[in-house]
Protein chains: 4
Amino acid sequence: MATDIFDTRESQVRSYCMNWPATFAKASGPYQWTEDGTRYLDFFSGAGALNYGHNHPELRDLVVDYVANDGVTHSMDMKTPAKRRFLETFERVILEPRNMDYKVMFPGPTGTNTVEAALKLARKVTGRQHILSFTNAFHGMTLGALSVTGNSMKRRGAGIPLTNSSKIPYDDYFDGDMPDFLWLEKILEDSGSGVDKPAAVIVETVQGEGGLNAARMDWLKSLADLLRRHKILLIVDDVQAGCGRTGKFFSFEEAGLYPDIVCVSKSISGYGLAMALTLFKPELDVWEGGEHNGTFRGNNLAFITAARALELFWADDSFQNQLAERITELNEGLKRIAEHVPGSSIRGRGFLTGIHFPNPDTAGKVAAEAYKRNLLVETSGPQDEVVKLMPALNIESEDLQKGLAIIEESLLAATGNLGEPSRLRAPR
Amino acid sequence: MATDIFDTRESQVRSYCMNWPATFAKASGPYQWTEDGTRYLDFFSGAGALNYGHNHPELRDLVVDYVANDGVTHSMDMKTPAKRRFLETFERVILEPRNMDYKVMFPGPTGTNTVEAALKLARKVTGRQHILSFTNAFHGMTLGALSVTGNSMKRRGAGIPLTNSSKIPYDDYFDGDMPDFLWLEKILEDSGSGVDKPAAVIVETVQGEGGLNAARMDWLKSLADLLRRHKILLIVDDVQAGCGRTGKFFSFEEAGLYPDIVCVSKSISGYGLAMALTLFKPELDVWEGGEHNGTFRGNNLAFITAARALELFWADDSFQNQLAERITELNEGLKRIAEHVPGSSIRGRGFLTGIHFPNPDTAGKVAAEAYKRNLLVETSGPQDEVVKLMPALNIESEDLQKGLAIIEESLLAATGNLGEPSRLRAPR
Amino acid sequence: MATDIFDTRESQVRSYCMNWPATFAKASGPYQWTEDGTRYLDFFSGAGALNYGHNHPELRDLVVDYVANDGVTHSMDMKTPAKRRFLETFERVILEPRNMDYKVMFPGPTGTNTVEAALKLARKVTGRQHILSFTNAFHGMTLGALSVTGNSMKRRGAGIPLTNSSKIPYDDYFDGDMPDFLWLEKILEDSGSGVDKPAAVIVETVQGEGGLNAARMDWLKSLADLLRRHKILLIVDDVQAGCGRTGKFFSFEEAGLYPDIVCVSKSISGYGLAMALTLFKPELDVWEGGEHNGTFRGNNLAFITAARALELFWADDSFQNQLAERITELNEGLKRIAEHVPGSSIRGRGFLTGIHFPNPDTAGKVAAEAYKRNLLVETSGPQDEVVKLMPALNIESEDLQKGLAIIEESLLAATGNLGEPSRLRAPR
Amino acid sequence: MATDIFDTRESQVRSYCMNWPATFAKASGPYQWTEDGTRYLDFFSGAGALNYGHNHPELRDLVVDYVANDGVTHSMDMKTPAKRRFLETFERVILEPRNMDYKVMFPGPTGTNTVEAALKLARKVTGRQHILSFTNAFHGMTLGALSVTGNSMKRRGAGIPLTNSSKIPYDDYFDGDMPDFLWLEKILEDSGSGVDKPAAVIVETVQGEGGLNAARMDWLKSLADLLRRHKILLIVDDVQAGCGRTGKFFSFEEAGLYPDIVCVSKSISGYGLAMALTLFKPELDVWEGGEHNGTFRGNNLAFITAARALELFWADDSFQNQLAERITELNEGLKRIAEHVPGSSIRGRGFLTGIHFPNPDTAGKVAAEAYKRNLLVETSGPQDEVVKLMPALNIESEDLQKGLAIIEESLLAATGNLGEPSRLRAPR
């Protein structure tokens, strides 16, 4: 449209709407509808902020009820029943069963804010200033979080040198050509290395933005052990990989980790509402009152949906068990699809997964073809060389298969392959 | 309560709930009710995020309706009708009548995020790295915003040196002992000053956190002229002072300014929902797609309340005219109250105002006494030496007088003054 | 010369030889001779490294003797009789008579190195990271010293942001429009100023490179008092103003200061040899062995000339008394010269002095005309707007008058003034 | 001595004199004599500043003559015949025969100063701010040079975070467990690595302070190729390894390198006088006049000795050939000595060499025993675990053997080994 207000008035900093120009009006579960009623299957899920799909009915009804009854909406760090309910539920459903005695901080309602809080706290507790982060990490867009992020375009956006941080190689960064932690161990043990002893290492168990690199559980465990020996704090940024995205509530559970600090955001509200947590061991709670604050820490709509989502999905194992089945299904589907392109490989873990193609252009073409077929699926990696799937965790098998079929079709269209993708094709 | 989950589970970083330990369950207009039904008059207004009071009924009904009908809740930077409506309304109601042709960026939903985006953009556009900010400025808690903030306790929280910024004296920092801009002009004109030529100066027209210092309109105008002559960008951080808080939609309108970049957040949604804007002149829109992003940029609940709030309050002058009357009323009340304490003075502008007391302890005592009398009012300033009033802009006169009466009572109680504050006393 | 090796082989970073293209072969006292025997009167004195003139005969003979007899030339920080003699003489002639119990550090043989050592030590002792320095300061060209330097061209040379330092206004920076220390006091007392509490303030008593701004003794004393009250270290950079240049051995003696750290270099050897000292109060001597080092700390030729120069010039008052007379003479001459140009003024102190002209081009023209008349005199200030005189401290009255006469002639030639400068003219 | 002025007056920052408490009065060739006439054989050579031994007679006589005849001693960047002679000789003897068309900059007379100049220039030329340096690098003690240095004790001395630099592994840092340049290549090729594209890489061909790690010629060549492909400047810090220390004038000649920038200092004067050069390709000469300067750039005593030393030692191959023989001799001696301690290994290259012992305490004990036997030899490495030999390059075979014999004796004494070191024992 010639007079599209989005184009005339919004900044050119936008990205998703450039690839997906439709205007989405309604949403439910794994689907969104445009204004004219066209339905899209959503394998993007708000970049991982909609793990239970759009507008889950039970959460929706809670919001409607809460708002209609003038529940407190905005409360800074003041006490509300909604916040109490969230804290109690989080303690009972998440922390206690996992033997995690962690303090909960509401650091401001976004992922970058919980990372900033984590970095501040690590520096304050240790009195050290350096932070180590990993190649291809993504931790956020404010200056502190950006300094531990890998992407060069986003780093340049800072306009100033990003300091007080060094990069270390993520799991399998060298395709097996180098033993794990060789570099990190040397840095820490060699007083002449020139890499200053860090306050903390910040890690994603799966690098969602950085190309769906998934660390092995053993690697994570060894990392934690190494840091403990050197009295360096371990921060896990579970903003995207947490809240069930990899199969368990925390992405590091499988590795048996107890990180010193955990960053949570995106899907914690369960409803796509802005909310974030910084969790840390009680002995690290050295904050002064108000030393880190923010206006939107008290999002009560998010508190009520978050509490209910925890009860709905995490109070017992049934959701995780069902999710485990879907993960298997998704993996099998991806493997079949990947067979069409020699040299491609499956990346990621759980429902944070995708296909890496040898030709960096393939993924973008697949996503574009998928969009034509009414599927939202994004790309990832330094060259956008990975098709990245993040379906809702509670997606039905039929919808999952439908999406996989579209991806297969899209891949064939994108690569000019005329082969018959019959096994995966789902009814439209 | 011995087993208060807030105390056992939340981090000690909290501040407001320490002074106001009640649990607030319901809210409407200028009032909040605790779980047991006690009513509090709210002169805090979510630190300025609730300029139209709590849960404005028209906005509330819109939210209920939107949520109940499965409108898209979370949309990143994708197009939705709710976002379109906001953009159109903002253009029609705010930008066009003010002859402001500004690009709109959604930088992430918090004040600190719009400041980080503004600083990045200023550095990218100019190719310079230094930023000047003012004594007692407050711009946010992430590393970039913190580097231009004044408060030493919050700065220390960074745990690393805050760099690439210098401080300059705010209006009347020297109580008239120094001509305006003497230091700034010398810095800019003297190639030997050692203060590197900045990309931008960032300013609040009223320093809400820094002690309610209000810049004079002439001072702001001179600042803008000075920067224009030196080709330095002017960023106005209108996060707290904007959205009508000082009497006009933007706090800089009265000065006739057209800042290069404007930071908006807090009350822009009108309903206490997380939302922020970065506005800038079209020629500054040099962003690459995705160079600054964030998960919660597409808060559609906020878009619909924001659009409606603009229509309700800013489509014509009636609200501003009524607000002007209230401002007069508030000022007169404060003046009367201040007379009780020799040496005290009125600070701030519009509905971002308060009383500075010569004894730095007075303000805290007044706020504590007011809380006992069921009024929420906070303190401000480097030593918390100012009682800071931020009533809802649409407060009824009766409620305003009631709050003023409580403050007067509280001041008398706090200072041991037995005088009769009869004129202001309102019915309880 | 077409094949001048200086032009073909040396970098264009050179500056002095561009204005003074002669090749100087011999030197003695206040004179230098070119290869073809032309004599130049030297009012530049190696930028202050030749306070006793070129090649003082007694020092020269000591060097010849020492070298001829295979005295140790280079000794790192090892013990030599030459170093012992220097330390004993410095203690006896300089420190003890002034009641200065200071530790002596040899930090590397240049001015920038003693400044770097001073900044490191101040940060280590206080645990603070910020340093305050003054507008138009010059402290050196390595990264730490450059960060506290004012000149914008030299700062840009760093190629990276210069951090961990803020600038404060030097004495009379505002021509009396602002009370002394108003800004500094506010910065230190206001916890919201945003200027982090510094480890130290570094100051030159006369800003030699920055335009010959001379601080008043009262201002220096007040600065020292203010810093003591705030437990901030005072570093005096006496690299150019020290070693007698202002009339006493240290430039701060007259003010009765006992700085925490003193930087000395340039003329300390007395013979133009590379040598530097960092002096500090004993309780500040918290260095680890080797924490700051350098290859050329043990310049024994410099040690022997330095020790002898101290004995020759500073063992009693006769040299200072004679110097005081010359200073008067120089001042009177400058006043007379300055009368030729309305609006010009005398700058500096002692034998670190000159004339500031209202037209920034005048000084450069005067220096060029003086060079034509076989006088070396340089310019100073952010716009090179000051003619800067640094004659040898032991210059004879006749030579001083001769130089002054040349300057007057040069000024008249530079300004097209045909007036008769007869009073000052000296025989050629 | 109870009243030793060195102990009472000098700062505790000293290091060498703590291990070698003798007072050295005279020196000639490879020997120094204490005040009471005890002779020490010097295998330390002023940390590499005395490559031609102490007080070479021809250079000594030149100094005596020059000083006695009032040659200009100190000349900033002005032209002198001594400087011309140096430039012409350097061009004729060093640059032209090596086909090196390099600009010569005199950046201040110390190693750290030439490094600071090199870093500035690399940043200015490329417009990039990041610098890569190697594990266990040593480049100097001023802030810029320190930021690219590895040693943690020296880095902490900065008192502030050292920024704008990352560390990469030096040759064989992983004992062969990782392919060469795997990390560096990935950093440069992966736009998501998070290591910002550097202006330059700075390297020592032999890490003199960092433990005598010697890079292989192939590794250096591959490094240069890799950087050229990525348009990143290569800076070789030849301060210690240059001026013949490894067998050729430049330590990188053997590798066939033409670095973009070369740092030279220490032995360039040939006489232990303070002098430094920064050499760079002509197209990099983008300095503004005076953008980097310094008082002691014009050390004419150093110019005359430097020019003569070049003629004496480098005008033809005879010196290098003789040195090659000595290197062989030294290596053979070290190998024999190392056989006494299983697990020890020879480190370094040329006359910058030594023995690494498996027990980190051994080297210090050997050096202490050697000092008792009147041999000066130091240790190196992050744990001082390497005995480091830097004899004068023109040492006679007999003196070399004598020193080796002492080291062998010292090793046996240090390790309690009673074996007979007869083959190496030299007459005392």
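Please read these numbers as outputs of a predicted model, since none were measured by experiment. (Residues numbered from 1 in each chain as written. Chains lettered and ligands numbered in written order. Predicted model: local features only at pLDDT ≥ 70, side-chain atom pairs only at ≥ 80, totals over all residues. Heavy atoms only, no water.)

1. Comments concerning the overall build of chain A
Broken down by element type, chain A carries 14 helices and 17 strands. Computed over its C-alpha atoms, the radius of gyration of chain A comes to 21 Å, within 12% of the 22 Å expected for a compact globule of 428 residues. Its C-alpha atoms put chain A at 60 × 60 × 50 Å along the principal axes. Across the 428 residues of chain A, 70% fall into the buried class. At a minimum sequence separation of 6, the contacts of chain A that also span at least 24 residues come to 72%. A total of about 13100 Å² of accessible surface is found on chain A, and carbon and sulfur atoms cover 45% of it. In chain A, 46 side chains carry a positive charge and 56 a negative one; their mean positions are 2 Å apart. (Helix = DSSP H or I, 4+ residues; strand = E, 2+ residues; numbered from the N terminus. Rg over C-alpha atoms; globule rule 2.2 N^0.38 Å. Buried < 20%, exposed > 50% of the residue type's maximum accessible area, 1.4 Å probe, protein only. Contact = heavy atoms within 4.5 Å. Areas by Shrake-Rupley, 256 points an atom, 1.4 Å probe, with all protein chains shown as cover. Lys, Arg positive; Asp, Glu negative; His and termini not counted. Charge placed at Lys NZ, Arg CZ, Asp CG, Glu CD.)

2. Some details on the pattern of salt bridges
Taken as a whole, this structure holds 111 salt bridges over all chains when the rule is applied. A salt bridge links Asp399(A) to Lys402(A); its shortest N-O distance comes to 3.5 Å. Here Lys402(A) and Asp399(A) lie together in helix 14 (residues 397-415), a separation of 3 residues that amounts to about one turn. For the pair formed by Asp399(A) and Lys402(A), the shared burial category is buried. One salt bridge in this structure joins Glu311(B) and Arg92(B), with 3.3 Å as the shortest N-O distance. One end of the pair, Glu311(B), is in helix 11 (residues 300-314); the other, Arg92(B), is in helix 5 (residues 81-95), and 219 residues separate them in sequence. (Salt bridge = Lys/Arg side-chain N within 4 Å of Asp/Glu carboxyl O.)

3. What about the relation of the copies chain B and chain A?
Between chain B and chain A, the superposition needs a rotation of 180 degrees and an axial shift of 0.0 Å, giving an RMSD of 0.0 Å. When the rotation and shift are considered jointly, the pair of chain copies conforms to a two-fold rotation axis. Interface overlap between copies is the fraction of interface residues in one copy that are interface residues in the other; for chain B against chain A it reaches 100%, indicating a shared surface. (Least-squares fit on C-alpha atoms with pLDDT ≥ 70 in both.)

4. With respect to the packing of helix 5 (residues 81-95) of chain C against helix 11 (residues 300-314) of chain C
All names here are of chain C. At a closest axis distance of 8 Å, the pairing of helix 5 and helix 11 adopts a crossing angle of 25 degrees. With respect to each other, helix 5 and helix 11 are oriented roughly parallel. Our pair here, helix 5 against helix 11, has a crossing hand that is left-handed. For the pair helix 5 and helix 11, the contacting residues are Ala 82, Lys 83, Arg 85, Phe 86, Thr 89, Phe 90, Arg 92, Val 93 and Ile 94 in the first and Asn 300, Phe 303, Ile 304, Ala 306, Ala 307, Leu 310, Glu 311 and Trp 314 in the second. Classifying every residue of the contact of helix 5 with helix 11 gives 11 nonpolar, 2 polar and 4 charged. (Axes fitted to C-alpha atoms, helices over the stretch in contact; angles between N-to-C directions. Parallel < 35°, antiparallel > 145°, perpendicular 65-115°, else oblique. Left-handed = near helix turned anticlockwise from the far one by under 90°. Nonpolar A, V, L, I, M, F, W, Y, C, P; charged D, E, K, R; others polar.)

5. What to know about the packing of aromatic side chains
Enumeration according to the criterion identifies 102 aromatic pairs over all chains in this entry. With centroids separated by 5.3 Å and ring planes inclined at 65 degrees, the aromatic side chains of Phe106(A) and Phe303(A) adopt a geometry described as edge-to-face. Residue Phe106(A) is located in the loop between strand 4 (103-105) and helix 6 (111-126), and its partner Phe303(A) is located in helix 11 (residues 300-314); the two are separated by 197 residues in the primary sequence. Exposure class is identical for Phe106(A) and Phe303(A). Each is buried. Ring centres of Phe134(C) and Tyr170(C) lie 5.6 Å apart, and the angle between their planes is 80 degrees; this geometry places the pair in the edge-to-face category. Of this pair, Phe134(C) sits in strand 5 (residues 130-134) while Tyr170(C) sits in the loop between strand 6 (165-168) and helix 9 (182-189), and the two are 36 residues apart along the sequence. You'll find Phe134(C) and Tyr170(C) in the same group, each marked buried. Here the aromatic residues Tyr52(A), Phe86(A), Phe90(A), Phe106(A), Phe249(A), Phe250(A), Phe252(A), Phe303(A), Phe313(A), Trp314(A) and Phe319(A) are joined through ring pairs into a cluster of three or more. Seen from the ring of Tyr31(C), Arg39(C) lies directly overhead, with NZ or CZ sitting 3.7 Å from the centre. Here the basic side chain of Lys186(C) rests over the ring of Tyr173(B), its NZ or CZ set 4.4 Å away from the ring centre. (Phe/Tyr/Trp six-rings, centres within 6.5 Å; stacked < 30°, edge-to-face > 60°. Lys NZ or Arg CZ within 6 Å of the ring centre and 35° of its normal.)

6. Section: the domain arrangement of chain A
All names here are of chain A. The domain boundaries assigned to chain A delineate domain 1 (5-56 + 318-414) and domain 2 (71-315). Computed over C-alpha atoms, the centres of domain 1 and domain 2 are 25 Å apart. Contacts between the two partners involve 31 residues from domain 1 and, on the opposite side, 32 residues from domain 2. The largest per-residue losses of area from domain 1 upon contact with domain 2 belong to Tyr 52, Arg 349 and Leu 352, which jointly make up 30% of the total buried on that side. Viewed at the interface, domain 2 and domain 1 are joined by 2 salt bridges. (Domains from an automatic or database assignment. Buried area = accessible area lost by both parts, 1.4 Å probe.)

7. Regarding the environment of Leu188(B)
All names here are of chain B. Within the fold, Leu 188 resides in helix 9 (residues 182-189). Overall, Leu 188 belongs to the buried group, its relative accessible area being 17%. Linking Leu 188 and His 230, residues 42 residues apart in sequence, is a C-alpha distance of 7.6 Å. Leu 188 has contacts with Pro 198, Leu 226, His 230 and Ile 232, leaving out every residue within four places of it along the chain.

8. Section: the interface of chain B and chain A
Contacts between the two partners involve 108 residues from chain B, matched on the other side by 108 residues from chain A. Regarding the contact of chain B and chain A, the summed buried area is about 9800 Å², with carbon and sulfur atoms giving 57% of it. It is Arg9(B), Lys79(B) and Phe296(B) in chain B that bury the most area against chain A; as a group they hold 10% of the surface buried on that side. Run the count over chain B and chain A and you get 12 salt bridges.

9. Concerning the sheet that holds strand 7 (residues 198-203) of chain B
Residue and element names in this part refer to chain B. Strand order in this open sheet of 7 strands is 4-12-11-10-7-5-6, and the pairing throughout is mixed. Lying at the two open borders of the sheet, with one neighbouring strand each, are strand 4 (103-105) and strand 6 (165-168). Ignoring strand direction, the axes of neighbouring strands in this sheet form an average angle of 20 degrees. Bridge analysis of strand 5 (residues 130-134) against strand 6 gives 4 bridges, and the strand direction is parallel. Looking at the pairing, Ser 133 lines up with Lys 167 of strand 6. Against the sheet, helix 9 makes contact with strand 5, strand 6 and strand 7, and its axis sits at roughly 140 degrees relative to strand 6, the strand it touches most. (Pairing = 2+ DSSP bridges.)

10. Notes on the interface of chain A and chain D
Counting residues at the interface gives 30 residues for chain A, matched by 30 residues for chain D. In total, chain A and chain D occlude about 2600 Å² of area from one another, counting both sides; carbon and sulfur atoms represent 54% of this. When residues of chain A are sorted by the area they lose upon contact with chain D, Tyr173(A), Trp183(A) and Ser191(A) head the list and together hold 21% of the total. For Asp196(D), the salt bridge identified is with Arg155(A), shortest N-O distance 2.7 Å. Across the chain A-chain D interface, the total number found is 16 residue pairs in polar contact (both at pLDDT 80 or more). Mapped onto the side of chain A that touches chain D, the elements with two or more residues apiece are helix 8 (152-156), strand 6 (165-168) and helix 9 (182-189) of chain A. It is helix 9 of chain A that contributes the most residues to the side of chain A that touches chain D, 3 residues altogether. Considering only residue class, the side of chain A that touches chain D consists of 11 nonpolar, 13 polar and 6 charged. (Polar contact = N/O pair within 3.5 Å; in protein donor to acceptor, adjacent residues only side chain to side chain.)

11. Thoughts on helix 6 (residues 111-126) of chain D
Taking 1.5 Å of rise per residue, the 16 residues of helix 6 of chain D would be expected to cover 22 Å, and the 23 Å separating its terminal C-alpha atoms lies within 8% of that figure. After helix 6 of chain D finishes, the residue Gly127(D) shows a positive phi value of roughly 70 degrees. (Expected span 1.5 Å × (residues − 1).)

12. Quick notes on unusual backbone geometry
Residue and element names in this part refer to chain A. For Lys 231, which is not a glycine, the phi torsion comes out positive at approximately 55 degrees. Locating Lys 231 in the fold gives a position in the loop between helix 10 (217-229) and strand 10 (233-237). Lys 231 gets classed as exposed once you look at its relative accessible area, which sits at 64%. Phi at Asn 374 takes a positive value of approximately 65 degrees, unusual for a residue other than glycine. Accessibility expressed as a relative area gives 23% for Asn 374, which makes it partly exposed.

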